[in-house]
Amino acid sequence: MQRVDGIPTFVRQLGHQRQPKGQRDETQCRKHAERANRGPADLARGHDGARAAGSKLLVIANGLASIPEDFIARFVHHGIAKERLRVLGSRPFREYLAMHGQADVMLDTFPFTGGTTTCHALWMGVPVISLVGNTATSRGGASLLHAVGLSELVAQSPDQYIDIACGLAQDAARLASLRAGMRERMRASALMDAQRFTRNLESAYRQMWQTWCAGESNRSIFGRIMAGFRNRLSAA
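This structure is a prediction, so every number in the text was calculated from the model and none was measured. (Residues numbered from 1 in each chain as written. Predicted model: local features only at pLDDT ≥ 70, side-chain atom pairs only at ≥ 80, totals over all residues. Heavy atoms only, no water.)

## Digging into the pattern of salt bridges
Turning to step 1, where the next piece is worked out: One pass over the structure, following the stated rule, counts five salt bridges.
Turning to step 2, where the next piece is worked out: With a shortest N-O distance of 2.5 Å, R174 and E152 are connected by a salt bridge. Of this pair, R174 sits in helix 8 (residues 172-187) while E152 sits in the loop between helix 6 (140-147) and strand 8 (154-155), and the two are 22 residues apart along the sequence.
Turning to step 3, where the next piece is worked out: When the shortest N-O distance is used, the salt bridge between E184 and R187 registers 2.5 Å. With a gap of three residues between them, E184 and R187 both fall in helix 8, about one helical turn apart. (Salt bridge = Lys/Arg side-chain N within 4 Å of Asp/Glu carboxyl O. Helix = DSSP H or I, 4+ residues; strand = E, 2+ residues; numbered from the N terminus.)

## What to know about the side chain of Q102
Turning to step 1, where the next piece is worked out: Mapped onto the elements of the fold, Q102 is located in the loop between helix 4 (93-98) and strand 6 (105-107).
Turning to step 2, where the next piece is worked out: On the basis of relative accessibility, which here comes to 10%, the residue Q102 falls in the buried class.
Turning to step 3, where the next piece is worked out: Within the structure, Q102 has its side chain in polar contact with the side chain of R86 (distance 3.2 Å). (Buried < 20%, exposed > 50% of the residue type's maximum accessible area, 1.4 Å probe, protein only. Polar contact = N/O pair within 3.5 Å; in protein donor to acceptor, adjacent residues only side chain to side chain.)

## Quick word on the pairing of strand 5 (residues 85-88)
Turning to step 1, where the next piece is worked out: Relative to strand 5, strand 4 (residues 57-60) is paired through four bridges, and the arrangement is parallel. Counted as the bridge partner of I60 is L88 from strand 5.
Turning to step 2, where the next piece is worked out: Considered for its hand, the β-α-β crossover made up of strand 4, helix 3 (residues 68-77) and strand 5 is right-handed. (Pairing = 2+ DSSP bridges. Right-handed = clockwise from strand over helix to strand, strands pointing away.)

## Some details on unusual backbone geometry
Turning to step 1, where the next piece is worked out: Cis peptide bonds are those with omega within 30 degrees of zero, and the linkage from F110 to P111 qualifies with 10°.
Turning to step 2, where the next piece is worked out: On the secondary structure map, P111 appears in the loop between strand 6 and helix 5 (116-123).

## Some remarks on the confidence of the model for the protein chain
Turning to step 1, where the next piece is worked out: The pLDDT averaged across the protein chain works out to 78; a share of 68% of its residues lies at or above 70.
Turning to step 2, where the next piece is worked out: Least confident of the elements in the protein chain is strand 1 (residues 3-4), whose mean pLDDT is 42; most confident is strand 8, at 96.
Turning to step 3, where the next piece is worked out: The low-confidence segment residues 22-36 (pLDDT under 50) makes 62 contacts with residues lying over four places distant or belonging to another chain. (pLDDT = per-residue confidence, 0-100. Contact = heavy atoms within 4.5 Å.)

## Remarks on helix 3
Two residues of an α-helix separated by three or four positions point the same way, owing to the 3.6 residues in each turn.
Turning to step 1, where the next piece is worked out: Turning to helix 3, its buried residues are F71, I72 and F75. Taken down its axis, helix 3 places every buried residue within 95° of arc, on the same side. Opposite its buried face, helix 3 presents the exposed residues D70 and H77, each directed more than 90 degrees away. (Arc of directions from axis to C-beta.)

## A few points about the pairing of strand 7 (residues 128-131)
Side chains on a regular strand alternate between the two faces of the sheet.
Turning to step 1, where the next piece is worked out: Of the two faces of strand 7, the one lined by V128 and S130 and the one lined by I129 and L131 are each fully buried.
Turning to step 2, where the next piece is worked out: Where strand 6 meets strand 7, two bridges bridge the pair, whose relative direction is parallel. When the sheet's bridge partners are listed, L107 is paired in strand 7 with I129.
Turning to step 3, where the next piece is worked out: Inspection of the sheet shows strand 7 paired to strand 8 by two bridges, in the parallel sense. Note that in strand 8 the partner of S130 across the bridge is V154.
Turning to step 4, where the next piece is worked out: Crossover strand 7 to strand 8 through helix 6 is right-handed.

## What to know about the environment of M192
Turning to step 1, where the next piece is worked out: With respect to the helices and strands, M192 occurs in the loop between helix 8 and helix 9 (194-213).
Turning to step 2, where the next piece is worked out: In this structure M192 comes out as partly exposed when scored by relative accessible area, which is 32%.
Turning to step 3, where the next piece is worked out: Remark: the alpha-carbon pair of M192 and A147, spanning 45 residues in sequence, is separated by 9.4 Å.

## Digging into the packing of helix 5 against helix 8
Turning to step 1, where the next piece is worked out: It is the contact of helix 5 with helix 8, at a shortest axis distance of 8 Å, that shows an interaxial angle of 125°. When the axes of helix 5 and helix 8 are compared, the pair comes out oblique. Here helix 5 contributes C119, L122 and W123 to the contact with helix 8, which in turn contributes M182, R183, M186 and R187. (Axes fitted to C-alpha atoms, helices over the stretch in contact; angles between N-to-C directions. Parallel < 35°, antiparallel > 145°, perpendicular 65-115°, else oblique.)

## Remarks on the environment of L122
Turning to step 1, where the next piece is worked out: Its place among the elements puts L122 in helix 5.
Turning to step 2, where the next piece is worked out: For L122, a relative accessible area of 0% puts it in the buried group.
Turning to step 3, where the next piece is worked out: Between the C-alpha atom of L122 and that of R179, which follows or precedes it by 57 residues, the distance is 8.4 Å.
Turning to step 4, where the next piece is worked out: Excluding anything up to four places from it in sequence, L122 contacts P127, V128, L145, V148, L150, M182 and M186.

## Describing the nonpolar core
Turning to step 1, where the next piece is worked out: Of all hydrophobic cores here, the largest spans 41 residues; its most connected members are L107, L122, I129, L145, L150 and L168.
Turning to step 2, where the next piece is worked out: The residues touching L168, leaving out its near neighbours within four places in the chain, are V105, P127, I129, L153, R174, L175 and L178. (Core = buried A, V, L, I, M, F, W, Y, C linked by side-chain atoms within 4.5 Å.)

And the structure:
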């Protein structure tokens, strides 16, 4: 497999444009759920479906092909019509990437947010909306969005998550603009600056070693080191 700057050639060549209307499922919201954890189904509780009228949800995950009805029942329980859902099992990587052309928005899962799948969606031009929590696993999506300059897609509450999703799904011009410029946005961000990341990582290792050698290996000192490490990695 040929690679350029660490990215497989076919991934670079694979188009990131929205599929024409006649070639897609009118899917307005998409969620890749490696873990069928709490996500749009629970967040739909009490939500007025009219705000996202006509939208559909595509869910792709390992194992879902064997339990589609059980998974769909979660959404139906919250008033989401079965006809608005499409549940699929895992797909070959190329096909999985190409399916982002059927989506306008990716809805991140919670409390286990996406990581690699979020990067896949962004690279394919699909904005991701993520609900931030208090644990490392619930803040990964927010971290990635901050890194590419899309902090406005990070929700602090379930209500805000829904507001952002509905507002973005109905803003065709904003969606088109995001999709057209997403790859350049990623290339210019800290997320794809491997050299800077490596330098900061090496610097953190050296500081940890120097601190240990100085006999300052207690918990509070280590905590300060890690805080500094995180700041350097996220610095612009």
